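Chain and residue survey
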Number of protein chains: 2
Amino acid sequence: MNNEIIRIGHGSGGRLSRELINDIFLRYFNNATLKQLNDAASLSVQKGRIAFTTDSYVIDPIFFPGGDIGQLAVSGTVNDLCVSGAIPKFLSAGFIIEEGFSLINLEKIVASMAREAKKAGVEIVTGDTKVVRRGQVDKIFINTSGIGIIPEDRFHLSEKLDPAPGDKIIITGTLGDHSIAILSAREKIPLDEIILSDAEPLTDLVNNVLRKPEEVLFMRDITRGGLATVLVEICENLKFGIEIKEADIPVFQSVKSVCELYGFDPLYLANEGKIVMIVKTGSEQRILDRIKSYDPGNRAAIIGEITIEHPSKVVIKSIIGGRRVVDMLSGEMLPRIC
Amino acid sequence: MNNEIIRIGHGSGGRLSRELINDIFLRYFNNATLKQLNDAASLSVQKGRIAFTTDSYVIDPIFFPGGDIGQLAVSGTVNDLCVSGAIPKFLSAGFIIEEGFSLINLEKIVASMAREAKKAGVEIVTGDTKVVRRGQVDKIFINTSGIGIIPEDRFHLSEKLDPAPGDKIIITGTLGDHSIAILSAREKIPLDEIILSDAEPLTDLVNNVLRKPEEVLFMRDITRGGLATVLVEICENLKFGIEIKEADIPVFQSVKSVCELYGFDPLYLANEGKIVMIVKTGSEQRILDRIKSYDPGNRAAIIGEITIEHPSKVVIKSIIGGRRVVDMLSGEMLPRIC
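Residues numbered from 1 in each chain as written. Chains lettered and ligands numbered in written order. Predicted model: local features only at pLDDT ≥ 70, side-chain atom pairs only at ≥ 80, totals over all residues. Heavy atoms only, no water.

1. Points about unusual backbone geometry
All names here are of chain A. Here the amide bond leading from D60 into P61 is cis, since omega sits at 5 degrees, within 30 degrees of zero. Tracing the sequence through the fold places P61 in the loop between β2 (48–57) and β3 (63–64). Phi at L37 is positive, roughly 55 degrees, even though this residue is not glycine. With respect to the element layout, L37 can be found in the loop between α2 (32–35) and β1 (41–45). On the accessibility criterion, L37 (33% relative accessible area) is partly exposed. (Helix = DSSP H or I, 4+ residues; strand = E, 2+ residues; numbered from the N terminus. Buried < 20%, exposed > 50% of the residue type's maximum accessible area, 1.4 Å probe, protein only.)

2. Concerning the relation of the copies chain B and chain A
Mapping chain B onto chain A leaves a residual RMSD of 0.0 Å; the transformation is a rotation of 180 degrees accompanied by 0.0 Å of translation along its axis. Taken together, the rotation and translation relating the two chain copies correspond to the operation of a two-fold axis. Both copies present the same face, since 100% of the interface residues in chain B are matched by interface residues at the equivalent positions in chain A. (Least-squares fit on C-alpha atoms with pLDDT ≥ 70 in both. Contact = heavy atoms within 4.5 Å.)

3. Quick word on the sheet that holds strand β10 (residues 241–245) of chain A
Strands in a sheet are paired, the pairing made by backbone hydrogen bonds, and the direction either parallel or antiparallel. Residue and element names in this part refer to chain A. Reading across from one edge, β9-β11-β8-β12-β10-β13-β14 is the order of the 7 strands in this open sheet, with mixed pairing throughout. The open sheet has two edge strands, β9 (216–221) and β14 (323–326), and neither has a second partner. Direction aside, neighbouring strands of the sheet carry axes that sit 25 degrees apart on average. Relative to strand β11 (residues 275–279), β9 runs antiparallel, the two being bridged by 5 bridges. From the neighbouring strand, M219 faces β11, where its bridge partner is M277. With respect to the sheet, helix α3 (residues 69–83) is in contact with β9 and β11, its orientation differing from that of β9 by roughly 165 degrees. Relative to strand β8 (residues 168–171), helix α9 (residues 284–292) is tilted by about 10 degrees, and along the sheet it contacts β8, β9, β11 and β12 (301–307). (Pairing = 2+ DSSP bridges. Axes fitted to C-alpha atoms, helices over the stretch in contact; angles between N-to-C directions.)

4. Here we look at the interface of chain B and chain A
With 75 residues of chain B at the contact, the number on the chain A side is 75 residues. Between chain B and chain A, roughly 6100 Å² of surface is buried when both sides are summed, and carbon and sulfur atoms account for 52% of that area. Applying the counting criterion to the chain B and chain A interface returns 14 salt bridges. The closest approach of N and O atoms between R18(B) and E236(A), which form a salt bridge, is 3.1 Å. Taken together, the connections running from chain B to chain A amount to 37 residue pairs in polar contact (both at pLDDT 80 or more). Among the elements that line the side of chain B that touches chain A, the one with the most residues is strand β2 (residues 48–57) of chain B, at 9 residues. For the side of chain B that touches chain A, the per-class residue count stands at 26 nonpolar, 30 polar and 19 charged. Both β2(A) and strand β1 (residues 41–45) of chain B contribute to a ladder of 5 bridges, which runs antiparallel. From the neighbouring strand, G48(A) faces β1(B), where its bridge partner is V45(B). (Buried area = accessible area lost by both parts, 1.4 Å probe. Salt bridge = Lys/Arg side-chain N within 4 Å of Asp/Glu carboxyl O. Polar contact = N/O pair within 3.5 Å; in protein donor to acceptor, adjacent residues only side chain to side chain. Nonpolar A, V, L, I, M, F, W, Y, C, P; charged D, E, K, R; others polar.)

5. With respect to empty space enclosed by the protein
Scanning the model with the defined rule gives 5 cavities of 30 Å³ or more in all. Its boundaries defined by the atoms lining it, the largest cavity holds a volume of some 80 Å³. Lining the largest cavity we find S179(A), R224(A), G225(A), Y268(A), L269(A), A270(A), L329(A), E332(A), M333(A), L334(A), I337(A) and S12(B). Each residue belonging to the lining of the largest cavity can be placed in one class, and the counts come to 7 nonpolar, 3 polar and 2 charged. One number sums up the size of the second largest cavity: a volume of about 70 Å³. Residue lining of the second largest cavity: S12(A), S179(B), R224(B), G225(B), Y268(B), L269(B), A270(B), L329(B), E332(B), M333(B), L334(B) and I337(B), and that is the complete set. Grouping the constituent residues of the lining of the second largest cavity by class yields 7 nonpolar, 3 polar and 2 charged. (1 Å grid on protein atoms, 1.4 Å probe; cavity = no way out; pocket = protein on both sides within 12 Å on 5 of 7 lines; lining within 4 Å. Points joined across faces, edges and corners; volume = space filled by probe spheres on them.)

6. Section: the packing of helix α1 (residues 15–28) of chain B against helix α4 (residues 103–120) of chain B
Residue and element names in this part refer to chain B. At a minimum axis separation of 8 Å, α1 and α4 run at an interaxial angle of 30 degrees. Classed by the angle they form, the pair α1 and α4 counts as roughly parallel. Between α1 and α4, the contacting residues are L20, I24, F25, R27 and Y28 on the first element and L103, L106, E107, V110, A111 and A114 on the second. Partitioned by chemical class, the residues of the contact of α1 with α4 number 9 nonpolar, no polar and 2 charged. (Parallel < 35°, antiparallel > 145°, perpendicular 65-115°, else oblique.)

7. Focus: the pairing of β12(A)
One face of the sheet, then the other: side chains in a regular strand alternate in exactly this way. Residues and elements named next belong to chain A. Within β12, 5 of the 7 residues are buried, which leaves it mostly tucked inside the rest of the structure. Taken together, the 4 bridges between β10 and β12 define a ladder with antiparallel strand orientation. Counterpart to G241 in the pairing with β12 is T307.

8. A closer look at the packing of α3(A) against helix α4 (residues 103–120) of chain A
Residues and elements named next belong to chain A. Running from amino to carboxyl end, α3 crosses α4 at an angle of 30 degrees, the nearest separation of the two axes being 7 Å. When the axis of α3 is compared with that of α4, the two are roughly parallel. As for the relative orientation of α3 and α4, their crossing is right-handed in sense. Contacts from I69, G70, Q71, V74 and V78 in α3 reach I109, S112, M113, R115, E116, A117 and A120 in α4. For the contact of α3 with α4, a count of residues per class yields 7 nonpolar, 3 polar and 2 charged. (Left-handed = near helix turned anticlockwise from the far one by under 90°.)

9. As for the sheet that holds β2(A)
Read from one edge to the other, the open sheet built from 5 strands follows the order β6(A)-β5(A)-β7(A)-β2(A)-β1(B), with strand pairing classed as mixed. Of all the strands in the sheet, just β6 (123–132) of chain A together with β1 of chain B have a single pairing partner and so form its edges. Going across the sheet, the axis of each strand differs from the next one's by a mean of 20 degrees, ignoring polarity.

10. Looking at the domain arrangement of chain A
All names here are of chain A. The domain architecture assigned to chain A consists of domain 1 (8–155) and domain 2 (160–326). Summarising the inter-unit geometry, the C-alpha centres of domain 1 and domain 2 are found 27 Å apart. Residue-level contacts link 24 residues of domain 1 with 25 residues of domain 2. Summing both partners gives a buried area of about 1900 Å² for domain 1 against domain 2, and 60% of it is carried by carbon and sulfur. Looking at the side of domain 1 facing domain 2, the largest losses of area belong to P65, N79 and V83, adding up to 29% of the total buried there. Remark: the boundary between domain 1 and domain 2 carries 8 residue pairs in polar contact (both at pLDDT 80 or more). Elements supplying a minimum of two residues to the side of domain 1 that touches domain 2: α3, β5 (87–98) and α4. Broken down by class, the residue content of the side of domain 1 that touches domain 2 amounts to 11 nonpolar, 6 polar and 7 charged. (Domains from an automatic or database assignment.)

Below, the structure written as structure tokens:
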């Protein structure tokens, strides 16, 4: 029975830590590098540029419609690498676990991580586990850091953005699914149809889009702060403006309904499998077709463009025709969404 | 007043997150890569091998004699890179902070991280901040992941260990300082002399030792599980044994006294600035001199050697002459020691 929960000793660095590594981590994260169990993984790289990113995942609940914290911890970090133009290669995994946490649940989470890593084409090559007493952390937090290789023809994606008026804004799918999935699980909202999180590694979708990297000027995954915050951040440093059309922004009806109930705006909701891109005018239809050929991109849409008007400002044209300036998120809509 | 504590909005990805990044993180972690505030840092590397490591720091108390969680989070990860033969280059920093945490304390911690990073020759190039509600995390946890470059002549340090009988075991200083510093702070033990943590980045010391890398067969920092656990782990996969001499292992008298009081064995205590090495026989005095020429190494000692006897076992010769087999740590002596 004692073996079915996490004990303080599982984080000691001694015998129990070793058992946890052998029985769970190595069983699922099965690769030659991790197996060496060195304090640092030794990896081969080519001369050039690499992308390096980190994210801690503190989502609550840890199991939710469409995913779990493990799936999220892999796909979130993979997507940060993808949007910087990198091909994701290696992940680290740092676990902070509450004493008494179920080993069965830990195994489920680790299995999800292994499955998503395979899907994304990455290896989990190094890790760390800390265990703290009951009440000192809420169940389990996971940090993943990631390394990707940036192909030479994609270097511009991590450089200064320099779009021209008429360049188009594309999003790869519906807004708000992840946030509303978490909210409805947390608040037990009765829904006609279950809303699933969109958490998903987008390696294949991005690689397909970047077959002609020069057509794509910018990519970012739309996480905390939502589409509004990403666009405002971009726009602040531009000499042009951005205009988006509310009518063109895809949002599921069920998501809209929950938003109305809770007074949320989908523009500010976090997503975990959606990207916003700025692409050269003329290439937008071709790129849209490429995105749509992948399942997670089948509701992608062109939602706006770079404008000469209102420099450094994001303006949304509402369905009934009015225009208003969009600001970034202030405060927090939903804590522990990722 | 509101501005003096961490609020949920500081982890939202919106306006308050941006303020925190500008007012604290960018002020201290001031480098061209981080300033770009991309989701992933873009870094140049040469063809060859890199080391990649991760650690989460959950130490309690967060300020302790000789250091704080920020100093530890940098030096711990830097040292993991050093012992793999890498020259530490880039760190990520992932913060998980409890709502209500003092901004002044956060600033102190971030200032420590910046100072240690400078000392260690690394840049903090990417980061993430999550804020959770009161009671969902104990004050602050920090994950750092690190990337180092492994020079070609050091590749062997991350490969299979292959020592010969007579090769020597060296430790770079006294055992147990960090653990006993934390314990005495936590338990408010009255001491004649204050014991300071040994947390310290060992980049310079290791680079000095590795001027002739072929003389050094193995290095590991002696953290959780202590010297005993590291040696047992190494020895399990060897066809030879290891013998160490208790009389040659440096331990401060004040550390010994607290150990006796609490029934601890310094062999199992975690350190944060100590390394154990296996070096070729004949080179030990030269290497010892190199270690001792650096301040954190001034109590380094040759403590034992590889033996033909008792293959795969670590044996300690006690001060009074007896011999006993050393096992790895089972259970946990001091939770949240790092």
